[in-house]
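Close look at the chain arrangement
Listed below are the residues making up each chain.
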Amino acid sequence: LIIVFYIIVIHHAGACTNKSQLFRKEQEEEGGGRGERRGGERRGTGIMESSLIKVPPGEDPHEVLFESGLTDGLPVVPPTPQRVAQMIAKGTKLQPGEVLGKCPPSYSTVSVEKVAIAAVMAGCRPSHFNVVLSATSAMLDEKFNLHGSHATTMGGCPILIVNGPIRNSISLNCRLGVLGSGTRVNASIGRAIKLVLQNVGGARLGGTESTTLGSPNKWGLCIGELEELLEEEEEESPIKYGKDKPPLKRWVPYHVTRGFKPSENVVTVMAVTGGPYQLVDFKTTSSYELCRSMARIIKTLYESRIPLLNHVLCVISPEHWKLLSSDGVKTKKQFQKMLFDHCNRLMVSDIPFIVARLLGPRLSKKPIFKTLSKFLFPLRVILLGILVAVLKSDAMQNNVDLMLGVRIFIGTMILVLLFTKSLSEIALWGLGYFLAGICWFSSNILNKPLGIVPKVCGPDSFQVIVAGGGAGKFSAFFPGFGVGRDGPLANMTIPISRTIINDAGSGGGGEEEDEEFKEDDREGEARSENNDAPPPPPPPQSERRRVASSRFGMVQDRIKLLLRKYKLQHSTTLNDKKKEEKDDQQTPEISPPPPFCFLNPKMEQEEEEEDAAAGGGGGHGCSNGSSLIKAARTGKLEGPIAFLDISKGNGDILLDRLQSKLQEQYPHIKIMRFVKPTFSRPCPFLLMREILTSGAKHAVAALAD
């Protein structure tokens, strides 16, 4: 039966291939080529279109991948056509040429095939592929701002949070060592995202990835939430989903807090700039003390006096969760509010510095502070006169203790007046101490902490998940990317969630099939309970084998079809060459074994002209993956010149100095200034069009770092 089954499968695959070959010949005769292209993008073709990278005889494929710059520093699995075809056929129903989006910094097209190549290189199995596809789609969302969050010198990088039943079906680690090594699923899925960003997007060290120190998170990090712990109270506090959802009465999984149902499979992509910052806890016995200890760790993120962080990922260990939930903290909302209040209490002592130094440059531009700066000299004269009059008064001469205290105060005032550059600085420090006094009184006397200058923007800034081993009071925290409620530094990235479509390609078999039959049995039991009828008998074992075999055959059929199409697309007319040689020499030659080949992980240029203009390929036939082309150098400086300030600190100082230098040497050249709304995102199209239509012959962008 097995032999007959394989004969049928191979015959069916050959028939499909012959049909595709005839269709392809008709396309070539009509000038159709490799598939319809519109606007420079592939339109969901079922053919793998990546070029082949051939390994020279005697060389190690892994070393070739290293030399080509296609790895993340560790060995990868060579992405052969067979492996990539299996990843697509077994892992998803999407076609190889379907486009997911554009990947910065080169903004190359990301196709399903390129993601499959990255997944193979990272060590993923086909069952992991839909998670990788959904995470890639979320990462390419413009709101996530992949370009800014990854190119920053702070070492930002995307990490993944997976929720839903798919965690168990793919054996994603949510327990011991959830943030560490040792689990293939977590490591390979996180690594695949990094390889897409590197090979398709062109993000490389020394280029657009200019991180100063980096982080182990750069290798890739994928976390699964331990939802089984949170399901204990489900029957006591059921959640209803509808247009008007009631407040959540218990701890729920992370994706539920973002509006999804518990039964949905969801992956969330979040940008972090460091971590994990681990809380080591041994003796905490109350939720109040635990939240205060956590707030001390969170206060140090970025720098202890930097306020208004946009996002913080909190990974709460099961033992800490049990302490919180048993000591009155019944929901994640309640935990977020409690943690927010403790952070506000710890920030009181730093409010004067924050107001005067960090917020001072912005506040000093307000009209009231500009007006105060005009009265600095008259105010100094008046204050000095008042102080002299107080010193000469009779009350000061007769009370020695009062005299000593006033002298200290007078000396301090004189130093402040002599060394303070502006009156606005005095006003800012005074305002800071005034606000700190109000916050201290409200926190310690009224027990109502005020968030005048909070560490995070609000309680919702804490992204809370529960994961880790069952023993150990250790929780960890990751700072996000972005500070402030408005301005160029605020909300430079936001977490993006996507539903994982668990279609598992054209089939599956094995444990997945057993789970499907178990689900059918459970549905039958539920129907019998409702109708008071006995459940239908389960399908016989032979029927299960028949269904599994048919689905397995469909997968094998699709793999063979993909490979045959790929060979048909890239192979030369070997039979014609052999026939010509036979006619000429009448002696058959033994052809050498074919060289080892793997698919190019980079996105090739759509046309040869574009590839040549971008500088051509480098080593082993790889394109450079860059869409930026240098303008021709004319050897002379012409005007006008456009200066683009990226709105990052000190960038304007660089442009001011450069402008003065240019005007000294070329006084006749006009210089125009433009400013980006935020440095962390690409230049808006309207601003770019304004620069291009301004008549400028050259453009200079200031990079503050």
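Here, every reference points to the structure presented above.
This text gives an overview of the structure that appears in the document. (Residues numbered from 1 in each chain as written. Predicted model: local features only at pLDDT ≥ 70, side-chain atom pairs only at ≥ 80, totals over all residues. Heavy atoms only, no water.)

Some remarks on the packing of helix H11 (residues 287–299) against helix H13 (residues 332–346)
How we decide: Angular values range over 0 to 180 degrees, each being the angle between N-to-C directions of two axes fitted as lines to C-alpha atoms, with helices fitted over their stretch in contact. Numbering goes from the N terminus for both helices and strands, where a helix is a DSSP run of H or I of at least four residues and a strand is a run of E of at least two. Put simply, angles under 35 degrees are roughly parallel, angles over 145 are roughly antiparallel, angles from 65 to 115 are roughly perpendicular, and the rest are oblique. In this scheme the handedness of a crossing depends on how the near helix is turned from the far one: anticlockwise by less than a right angle means left-handed, clockwise means right-handed. Any two residues whose heavy atoms approach within 4.5 Å are treated as being in contact. Charged means Asp, Glu, Lys or Arg here, nonpolar means Ala, Val, Leu, Ile, Met, Phe, Trp, Tyr, Cys or Pro, and polar covers whatever is left, Gly included.
Between H11 and H13, whose axes approach to 8 Å, the crossing angle comes to 60°. What the angle tells us is that H11 and H13 run oblique. Crossing angle aside, the handedness with which H11 passes H13 is right-handed. The segment H11 lies against H13, with Ser287, Tyr288, Cys291, Arg292, Met294, Ala295, Arg296, Ile298 and Lys299 engaging Phe335, Met338, Leu339, His342, Cys343, Arg345 and Leu346. For the contact of H11 with H13, the per-class residue count stands at 10 nonpolar, two polar and four charged.

Here's the deal with the environment of Asn168
Mapped onto the elements, Asn168 comes out in helix H7 (residues 166–169). Spatially, the C-alpha atom of Asn168 lies 9.6 Å from that of Gly224, the residues being 56 residues apart in sequence.

Examining H11
We apply this condition: One fewer than the residue count of a helix, multiplied by 1.5 Å, yields its expected span. Only protein chains enter the accessibility calculation, which uses a 1.4 Å probe; a residue whose area is less than 20% of its type maximum is buried, one above 50% is exposed, and one in between is partly exposed.
Taking 1.5 Å of rise per residue, 13 residues should cover 18 Å, and H11 covers 18 Å from first to last C-alpha, within 8% of that figure. By the burial criterion, the buried members of H11 are Ser287, Leu290, Cys291, Ser293, Met294, Ala295, Ile297, Ile298 and Lys299. Looking at the buried side of H11, the elements it contacts are strand E9 (277–280), strand E10 (312–316), helix H12 (318–326), H13, strand E11 (462–466) and strand E12 (474–479).

A few points about unusual backbone geometry
In this structure, Pro276 follows Gly275 across a cis peptide bond, with omega equal to 5°. With an omega of -5°, the peptide bond running from Gly639 to Pro640 counts as cis. Tracing the chain through its elements places Pro640 in the loop between strand E16 (622–623) and strand E17 (641–645). In the Ramachandran plot, Tyr302 falls in the positive-phi region, its phi being about 65° despite a non-glycine side chain. Following the sequence through the fold, Tyr302 ends up in the loop between H11 and E10. Given a relative accessible area of 27%, Tyr302 falls into the partly exposed group. Residue Asn447 is not a glycine yet carries a positive backbone phi of 55°. Within the secondary structure, Asn447 is located in the loop between helix H20 (423–444) and E11. For Asn447, a relative accessible area of 53% puts it in the exposed group.

Comments concerning the pattern of salt bridges
Our working definition: The term salt bridge refers to a side-chain nitrogen of Lys or Arg lying within 4 Å of a carboxyl oxygen of Asp or Glu.
Enumeration according to the criterion identifies 13 salt bridges in this entry. Glu209 is paired through a salt bridge with Lys194; the nearest N and O atoms lie 3.2 Å apart. Here Lys194 lies in helix H8 (residues 184–200) and Glu209 lies in the loop between H8 and strand E7 (222–224), a separation of 15 residues in the sequence. Since its relative accessible area comes to 5%, Glu209 is described here as buried. Residue Lys194 is classed as buried on the basis of its relative accessible area of 12%. Here the salt bridges do not stand alone but share partners, grouping Arg167, Glu227 and Glu228 into one network.

Focus: the sheet that holds E9
The criterion, for reference: Note on pairing: DSSP must find at least two bridges between two strands before they are called paired.
If you trace the four strands from one edge of the open sheet to the other, you get E9-E12-E10-E11, paired in mixed fashion. The sheet terminates laterally at E9 and E11, the two strands that pair on one side only. Ignoring strand direction, the axes of neighbouring strands in this sheet form an average angle of 20°. For E9 and E12, the ladder comprises four bridges, and the chain directions are antiparallel. By the bridge assignment, Val280 is partnered in E12 with Phe474. Packing against the sheet, H12 makes contact with E9, E10, E11 and E12, and its axis sits at approximately 90° to E10. Sheet strands touched by H13: E10 and E11. Its angle to E11, the strand with the most contacts, is close to 125°.

Concerning empty space enclosed by the protein
Note the cut-off: Both cavities and pockets are sets of points on a 1 Å grid over the protein atoms alone; in a cavity a 1.4 Å probe fits but cannot get out, in a pocket the set is open with protein on both sides within 12 Å along at least five of seven lines, and lining residues sit with an atom within 4 Å of a point. Grid points are joined across faces, edges and corners, and a volume is the space filled by probe spheres set on the points.
This structure, assessed with the given rule, holds three cavities of 30 Å³ or more. Of the volumes computed, that of the largest cavity is approximately 70 Å³. Every residue lining the largest cavity is counted, 13 residues in all, and those nearest its centre are Pro158, Gly190, Lys194, Lys218 and Gly220. At the level of secondary structure, the elements contributing two or more residues to the lining of the largest cavity comprise strand E6 (157–163) and H8.

Examining the packing of H11 against H12
The geometry of H11 relative to H12 is characterised by a closest axis approach of 9 Å and an angle of 130° between their N-to-C directions. It follows that H11 is oblique to H12 by the angle criterion. Residues Ser287, Leu290, Cys291 and Met294 of H11 lie in contact with H12, whose contacting residues are His320, Leu323 and Leu324. Within the contact of H11 with H12, the residues separate by chemical class into five nonpolar, two polar and no charged.

Digging into a nonpolar patch on the surface
Note the cut-off: Residues form patches when they are more than 30% accessible in relative terms and have no salt bridge. Like charges link within 9 Å. Nonpolar side chains (Val, Leu, Ile, Met, Phe, Trp, Tyr) link within 5 Å. The Shrake-Rupley method, run with a 1.4 Å probe sphere, supplies the accessible areas, and residue values consider only the shown protein chains as cover.
Taken together, the side chains of Leu431, Phe434, Ile438, Leu450 and Ile452 present a nonpolar region at the surface, about 390 Å² in accessible area. Position of Leu450 relative to the elements: it lies in the loop between H20 and E11.

Observations concerning the pairing of strand E5 (residues 108–111)
Alignment of strand E4 (residues 99–103) against E5, held across four bridges, turns out to be antiparallel. Directly across from Lys102, in E5, lies its bridge partner Thr109. The loop that links E4 with its antiparallel partner E5 comprises four residues; one of these, Tyr107, has a positive phi angle of about 55°.

Regarding the sheet that holds E7
Strand order in the open sheet formed by four strands is E7-E6-E8-E13, and the pairing between neighbours is mixed. The open sheet terminates on both sides in strands that have one partner only, identified here as E7 and strand E13 (496–499). Each neighbouring strand pair of the sheet contributes to a mean axis angle of 25°, computed without reference to strand direction. Note: strand E8 (residues 266–272) against E13, four bridges, orientation antiparallel. Counterpart to Thr268 in the pairing with E13 is Ser497. Contacts from helix H5 (residues 129–139) reach E6, E8 and E13, with the element oriented near 50° to E8. Sitting on the sheet, H8 touches E6 and E7, and the angle it makes with E6 is about 135°.

Some words on the environment of Leu74
Its location among the elements puts Leu74 in the loop between helix H2 (61–67) and helix H3 (81–91). It is 9.7 Å that separates the C-alpha atoms of Leu74 and Ala122, two residues lying 48 residues apart in sequence. Residues in contact with Leu74, not counting those within four places in the same chain, are Phe66, Arg191 and Trp219.

That is the geometry; function is a separate question.
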